[in-house]
Amino acid sequence: MFDLSVDLAPFEAGTVWLVGAGPGDPGLLSLLALHGLRHADHVICDALVDARIIALARPGAVVEAMGKRGGLESVPQSDITARLVELARQGVRVLRLKGGDPFVFGRGPEEALALAAAGIPFRVVPGITAGIGGLAYAGIPVTSRDTNSAVAFVTGHGADGELPDEFDWDSLARGAPVMVFYMGLKHLDRLAARLLAAGRRPDEPVAVVCRAATPDQTVLESRLGSVAADVAAAGLKPPAVVVLGGVVALRDRLDWWIPS
Ligand code: SAH
C-alpha cells in the first residue's frame with residue numbers, strides 16, 4: 001500500500017473537500033485526493049466518477065451519488081449544495097468527489113461559492129481534467145511545439161443546454177489552433193457547422209475520445225467536415241472529449257495506451 005507519510009493537510013471535521021477524481025484511471029488521483037478519501041466520513045460523488053475510485057473511500061464512510069450526467073437524471077444543483085452545507089454543519093468531514101477537475105466545467109465553483117456564502121470551510125483538490133489527461137491517454141498532447149502554442153477549452157453545452165453563445169465563436173475559432181470541447185457530442189453537428197462557418201477547414205483532423213482513461217476508452221479519428229456523421233454512425237455516447245487541430249495527427253505515433 002501507499003506510504004502517505006508525507007505531510008498532507010488534515011481533514012478537519014465540519015469541512016468540505018471538493019476533490020477532482022481525474023478522468024477515470026484511479027492511478028491519476030492525487031495523493032491529497034486519496035488521503036481525503038481515506039479520511040472522509042461522507043462522500044458525495046457525481047455520475048462521472050469511476051467505481052474503482054469510489055471503492056477507495058474509507059470503509060465505513062457513507063457514499064452518496066448526487067450528480068448530473070448529460071442532462072439525463074437531475075438532482076438540482078441547489079439540493080447538492082444544500083446537502084454539503086447541512087452535513088458540514090453537523091460536523092461531518094464531507095468529500096465532494098467530481099470527475100476530472102472540480103473547477104473545469106464541473107460546477108465546482110457554484111458549490112464552492114455556496115460553501116463560502118454559508119461560512120463552511122472548504123478545500124479544493126484539483127484533478128486531472130479529461131480535456132488534458134484524457135487526451136493524453138489517447139496519445140494526443142494538447143500542445144506541441146510544432147503544432148500549437150495556444151489551446152482553447154470550450155463547452156459544447158451552455159447553462160441552457162444549447163451551444164454556448166456568450167463568446168465570439170468566429171474569433172475563438174480563428175484564434176485557437178487547437179480546440180478541446182467538453183460535452184460536445186449532443187450538438188456535434190451544430191458545433192462542427194459553427195466552426196466551419198467561422199473558417200475552419202473541413203479536412204482538419206478531429207478526434208473523439210470516449211470514456212478516456214477507463215477500460216472502455218474508444219477513440220474515433222475523423223475530419224471536421226465528417227465528424228458528426230462518423231460519430232452518429234459509430235453510435236458513440238458521452239462522456240467524450242472532442243479535439244480539433246494539428247495535435248490529433250500526432251496520435252499515429254503517440255498512441256501508447258492499451259486499455260486492459
Ligand atoms: N470536471 C470535468 C468535466 C465535467 S463536464 C473534467 O475536468 O474533466 C463533463 C464532460 O467532461 C463530459 O461530457 C466529457 O466531455 C468530459 N469527460 C469527463 N470525463 C471524461 C472521460 N473519462 N472521457 C471523456 N470525456 C470525459
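Further up the page is the structure itself.
Residues numbered from 1 in each chain as written. Predicted model: local features only at pLDDT ≥ 70, side-chain atom pairs only at ≥ 80, totals over all residues. Heavy atoms only, no water.

**Student:** What's the story with unusual backbone geometry in this structure? I'm lost.
**Tutor:** Trans peptide bonds make up the majority, and among non-glycine residues the majority have a negative phi. Following P238, the chain continues to P239 via a peptide bond in cis, the omega torsion being 0°. Inspection of the secondary structure puts P239 in the loop between α8 (227–234) and β10 (240–244). Backbone geometry at R107 places phi at a positive 65°, although glycine is not the residue there. (Helix = DSSP H or I, 4+ residues; strand = E, 2+ residues; numbered from the N terminus.)

**Student:** Please explain the pattern of salt bridges as it appears in this structure.
**Tutor:** Proximity of charged atoms lets side chains of opposite charge pair with each other. Tallying each qualifying case throughout the model produces 16 salt bridges. The salt bridge involving R93 is made with D41; its shortest N-O contact spans 3.3 Å. Note that R93 is positioned in the loop between α3 (77–89) and β4 (94–98) and D41 in the loop between α1 (31–39) and β2 (42–45), a separation of 52 residues in sequence. Judged by its relative accessible area of 22%, D41 is partly exposed. With its nearest N and O atoms 3.0 Å apart, the salt bridge here joins R190 to E162. Taken together, the residues span a long stretch of sequence, with R190 in helix α7 (residues 188–197) and E162 in the loop between β6 (151–155) and α6 (169–175) at a distance of 28 residues. By sharing partners, the salt bridges in this structure join D41, R58 and R93 into a single network. (Salt bridge = Lys/Arg side-chain N within 4 Å of Asp/Glu carboxyl O. Buried < 20%, exposed > 50% of the residue type's maximum accessible area, 1.4 Å probe, protein only.)

**Student:** In this structure, what is going on with the sheet that holds strand β9 (residues 218–223)? I would like to understand it.
**Tutor:** Strand pairing in a sheet takes place through backbone hydrogen bonds and is either antiparallel or parallel in direction. Strand order across the open sheet formed by five strands is β6-β7-β10-β8-β9, with mixed pairing between neighbours. Of all strands in the sheet, those bounded by a partner on one side alone are β6 and β9. Pairwise comparison of adjacent strand axes, ignoring direction, gives a mean angle of 20° for this sheet. Against the sheet, helix α5 (residues 130–137) engages β6, β7 (178–182), β8 (205–210) and β10, with an angle of about 105° to β7. The strands touched by α8 are β8 and β9; relative to β9, the strand with the most contacts, the crossing angle is about 145°. (Pairing = 2+ DSSP bridges. Axes fitted to C-alpha atoms, helices over the stretch in contact; angles between N-to-C directions. Contact = heavy atoms within 4.5 Å.)

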